Amino acid sequence: KRIFRHSQFHFIEFRKITYGISAGVVVLSIVALFYGFDYGVEFKGGRSYTVKFDRPMSNEEVGQELKGVLGDNPIIKTVGTSNQLNITTSYLIDQPGDKIDSTVERTLYTGLKKFLPEGLSYAEFDLNYKVGSQTVLPTISEDLKRGAILATLFALLIIVAYIFIRFSDWRYSVGTIVALLHDVLVTLVVFSLLRHVVPFPLEIDQHFIAAVLTVIGFSMNDTIIVFDRIRENSHLMYTADKATIINKSINDTLSRTIMTSATVFIAILILFLVGGEVTRGFAFALLIGVAVGTYSSIFVAAPILVDFAKDKPLGEAHEGQLKPKKVTA
């Protein structure tokens, strides 16, 4: 509680550097669009199968074997124990027909024969080894993708309106929306550029959208606390310049900001480490979002108030800021 009690960091002095970092994030987000993303079965269409084996399996070995029969790189995740895998493939997803599902399952069975007991028939595989399956057609996945984008945009729009009503100043809305977009872009960049680097899947799916919306809410809450203190100090320190007011406001709330973010980060880190493969991508998105959200509240949202409408007070004008009325005899 006391670690940042008397802090006097000059955050505003570094705003040009942080603006440059944010510009770099925008450039990387453009690169990410061309580099692409790994979409979950909900957003790209495909078939997902959960298969239980008699022994622990290597995801890489199974993936290489299936690539030869399916013609694409299937997404393979360990589910629960090391002998149970979730296999997702887009094989024949665009081809209509009643027998396509059976054809895909038989092809999957052929690719997995090497890892199954010798002489196991397809019927036995379907009954005893295939635990579950899921199919999402491309038309459904497009609807889900469109709904996810609309949900995110709608959340941002409502937040902007709320900030404008609460502070009665468009600059606070601009600072908030820039910070939130910054957080979302950083998360997208990480999921694009690191998807072939980290040893776990980074998919854009419904869990990812849930993580992004959670990060937006967390970051906005942090930003509002800083903004509230700025508005309060602008009334108390009406003779000080904007940079001094904002620096003091960030320092006043720094202990709360860091401690809250650290607590949430540790809780999510535990989920990331021991929560299993299914929740790892979701937890990773939250870890990135919490860290970046804390950064953007301090170094992105607040400094914008200095450079927009420079002659306008940060809050309601104090009586000491008003010009005295001319008294006539």
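For the structure, see preceding data.
Residues numbered from 1 in each chain as written. Predicted model: local features only at pLDDT ≥ 70, side-chain atom pairs only at ≥ 80, totals over all residues. Heavy atoms only, no water.

(A) The arrangement of the packing of helix H4 (residues 100–112) against helix H5 (residues 122–129) in detail. The N-to-C vectors of H4 and H5 enclose an angle of 95°; their axes lie 10 Å apart at closest approach. It follows that H4 is roughly perpendicular to H5 by the angle criterion. Facing Ser102, Glu105, Arg106, Leu108, Tyr109 and Leu112 of H4, the residues of H5 in contact are Tyr122, Phe125 and Asp126. Of the residues contributing to the contact of H4 with H5, the split by class is five nonpolar, one polar and three charged. (Axes fitted to C-alpha atoms, helices over the stretch in contact; angles between N-to-C directions. Helix = DSSP H or I, 4+ residues; strand = E, 2+ residues; numbered from the N terminus. Parallel < 35°, antiparallel > 145°, perpendicular 65-115°, else oblique. Contact = heavy atoms within 4.5 Å. Nonpolar A, V, L, I, M, F, W, Y, C, P; charged D, E, K, R; others polar.)

(B) Focus on the packing of aromatic side chains. Taken as a whole and judged by the stated rule, the model has 11 aromatic pairs. Ring geometry for Phe167 against Tyr172: centres 4.7 Å apart, planes inclined by 10°, an arrangement best described as stacked. Pairing Phe272 with Phe284 gives two aromatic rings, centres 6.0 Å apart and planes at 35°, and the pair type is tilted. With Phe272 in helix H9 (residues 242–274) and Phe284 in helix H10 (residues 280–307), the pair connects residues that are 12 residues apart, well separated along the chain. Looking at Phe272, the relative accessible area reads 14%, which means it is buried. Residue classification places Phe284 among the buried residues on the basis of a relative accessible area of 12%. Sitting over the face of the ring of Phe272, Arg280 holds its NZ or CZ atom 5.7 Å from the ring centroid. (Phe/Tyr/Trp six-rings, centres within 6.5 Å; stacked < 30°, edge-to-face > 60°. Buried < 20%, exposed > 50% of the residue type's maximum accessible area, 1.4 Å probe, protein only. Lys NZ or Arg CZ within 6 Å of the ring centre and 35° of its normal.)

(C) Quick look at unusual backbone geometry. In this structure, Ser168 is a non-glycine residue whose phi angle is positive, near 55°. Mapping Ser168 onto the fold places it in the loop between helix H6 (138–167) and helix H7 (170–193). Of the residues examined, Ser168 reaches a relative accessible area of 59% and is grouped as exposed.

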